[in-house]
Amino acid sequence: MTVGEELHRLVAELYPICRSITGDGVRRTLEVIGRELELQVREVPTGTEVLDWTVPREWNVRDAWVAGPDGRRVIDFADSNLHLMGYSVPVRATMPLAELRQHLHTLPDHPDWVPWRTSYYAERWGFCASQRLVDRLPEGDYRVCVDTTLADGHLTYAEHVVPGRTDDEVLISCHVCHPSLANDNLSGIAVATRLAGMLARSRPRYTYRFLFAPGTIGSITWLARNEDRVGRIRHGLVLACLGDPGGLTYKRSRRGDAEIDQAVAHVLRRSGRPHRLVDFSPYGYDERQFCSPGFNLPVGCLSRTPYAQYPEYHTSADDLDLVRPEHLQDSLEVCWEVVQLLEANRRYRNLFPKGEPQLGRRGLYGSIGGRSDAEAHQMAMLWVLNLSDGDHTLLDVADRAELPFAVIADAARDLERAGLLSSPAAR
Ligand code: ZN
């Protein structure tokens, strides 16, 4: 089984669970992730003030259906959790079709798809169904059952920390609040989970904090409870929509020139993959919260086709066929390359900055015959020596020299061994 197939299997296992911004679906999701990663699960009580928000009541579903005039169920939560509007309040009623229709949501442009709808902060109920099904409903009286609970409880999120050799942190965040939607939430969860596992085996320099939280209210809750520690975050990525066939899209942090912005751009450009780099906007996923002006964290967002830009977005067509193993694996590989780059990026100082140091005498010049990249390696050494003035990072050097980061890092290693570069500080 390929890594991509393993990631897809995790997506498929999580797919049927009815998640929302609170409730048992989030807990079950975290239990599944918890088999692969040690999670610290946090439960924050309803009513807790978090920044300008309040943790809402907890929502859970026992059952929900609509039965037609002949008594048969025509819409049933048991068939798909998308059929029930998220946060629907309880109701048991009988009503004529015209009245029922006011509570039905469809997608006329995609008559076979079921939309996903929510009403987190207004007390309503509703069902979602295909236009084709709704068009076929006969006149008559319909029985409606929404057997949900909306009560004081908790908001649930989880953290996983991969300890590093320093306290400087990299934040990796994904949302866990969508029901049966595969690309939007589950792809990010799968990639983040595997990335954490890979990092744990690599003894990283940075400490990596993975956040699995419901969108918006979850990240706001986390920020409210961690205000004193966000200063440790050196880099961050929000992961979402990483399994569809579209090319990769990186949305820069609000700062626009953070090291993470430069690192992802370098990896994508050098990879030869089709990709897009877009500037920050205050819309999308939880980068909205991390990049709010009071925090302004260096956090970007990596997706394939971004938020709301694919037709299957927030519909039943965002399913296990839209997300493919090879795209999940490709996304994971890019995340890994970005992380490896951050790990190796440093500022060095040239210890012989007056004139060029004599490379030949130190066995560094022309003595690397046979290397297929001899010329690039030599150029890389000259660039590293020239720009290692304490201000430029190796990534700055790579971008300026138009050489791959790995070639620049390799040259720096050789120069350091030869005593021409000073060891950098921890960061
Ligand atoms: Zn979404």
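What you see is a predicted model; the values in this text were computed from it and never measured.

With that settled, the discussion passes to the sheet that holds strand E12 (residues 207-213). Sheet architecture is open: eight strands sit in the order E1-E10-E12-E11-E13-E16-E14-E15, paired in mixed fashion. The sheet is open, and its two edges are formed by strand E1 (40-45) and strand E15 (275-278), each paired on a single side. Strand-to-strand twist across the sheet, computed as the mean angle between neighbouring axes with direction ignored, equals 20°. Examined bridge by bridge, strand E10 (residues 154-162) and E12 share five bridges and lie antiparallel to one another. The partner of Val162 across the bridge, within E12, is Tyr208. The strands that helix H6 (residues 217-225) touches are E1, E10, strand E11 (169-175), E12 and strand E13 (233-239); relative to E10, the one it contacts most, it runs at about 65°.

A few words now on the packing of aromatic side chains. This structure, assessed with the given rule, holds 10 aromatic pairs. Note on Trp53 and Tyr121: the rings are 6.0 Å apart at their centroids and 75° apart in plane angle, and the pair reads as edge-to-face. Pair noted here: Trp53 is in strand E3 (residues 53-54) and Tyr121 is in the loop between strand E7 (104-105) and strand E8 (127-128), with a separation of 68 residues, a long-range link. On the basis of relative accessibility, which here comes to 34%, the residue Trp53 falls in the partly exposed class. A residue is classified by how much of its surface remains accessible, and Tyr121, at 51% relative accessible area, is exposed. Taking the centre distance of 6.1 Å and the plane angle of 75° together, the rings of Tyr120 and Tyr121 count as edge-to-face. What links up through ring pairs into an aromatic cluster is the set Trp53, Trp59, Tyr87, Tyr120 and Tyr121. Against the face of Phe352 rests Arg362, its NZ or CZ located 4.9 Å from the ring centre.

Glancing now at the domain arrangement of the protein chain. In terms of domain boundaries, the protein chain breaks down into domain 1 (3-56 + 154-342), domain 2 (60-151) and domain 3 (347-417). Each side of the interface is counted separately: domain 1 has 24 residues, and domain 2 has 15 residues. Taken over both partners, the interface formed by domain 1 and domain 2 buries close to 1500 Å², and the fraction arising from carbon and sulfur atoms is 61%. Our count for the domain 1 to domain 2 interface comes out at zero salt bridges. The interface formed by domain 1 and domain 2 holds seven residue pairs in polar contact (both at pLDDT 80 or more) in total. Partitioned by chemical class, the residues of the side of domain 1 that touches domain 2 number 13 nonpolar, nine polar and two charged.

For the rest of this paragraph, the subject is the pattern of salt bridges. For the structure shown, the criterion picks out 22 salt bridges. Of the charged contacts, one joins Asp63 and Arg73 as a salt bridge, the two residues approaching to 3.9 Å between their closest N and O atoms. Here Asp63 is found in strand E4 (residues 58-67), whereas its partner Arg73 is found in strand E5 (residues 73-76), with 10 residues between them in sequence. For Asp63, a relative accessible area of 23% corresponds to the partly exposed category. Arg73 sits in the partly exposed class, given a relative accessible area of 44%.

Cut-offs applied
- Residues numbered from 1 in each chain as written.
- Predicted model: local features only at pLDDT ≥ 70, side-chain atom pairs only at ≥ 80, totals over all residues.
- Heavy atoms only, no water.
- Pairing = 2+ DSSP bridges.
- Helix = DSSP H or I, 4+ residues; strand = E, 2+ residues; numbered from the N terminus.
- Axes fitted to C-alpha atoms, helices over the stretch in contact; angles between N-to-C directions.
- Contact = heavy atoms within 4.5 Å.
- Phe/Tyr/Trp six-rings, centres within 6.5 Å; stacked < 30°, edge-to-face > 60°.
- Buried < 20%, exposed > 50% of the residue type's maximum accessible area, 1.4 Å probe, protein only.
- Lys NZ or Arg CZ within 6 Å of the ring centre and 35° of its normal.
- Domains from an automatic or database assignment.
- Buried area = accessible area lost by both parts, 1.4 Å probe.
- Salt bridge = Lys/Arg side-chain N within 4 Å of Asp/Glu carboxyl O.
- Polar contact = N/O pair within 3.5 Å; in protein donor to acceptor, adjacent residues only side chain to side chain.
- Nonpolar A, V, L, I, M, F, W, Y, C, P; charged D, E, K, R; others polar.

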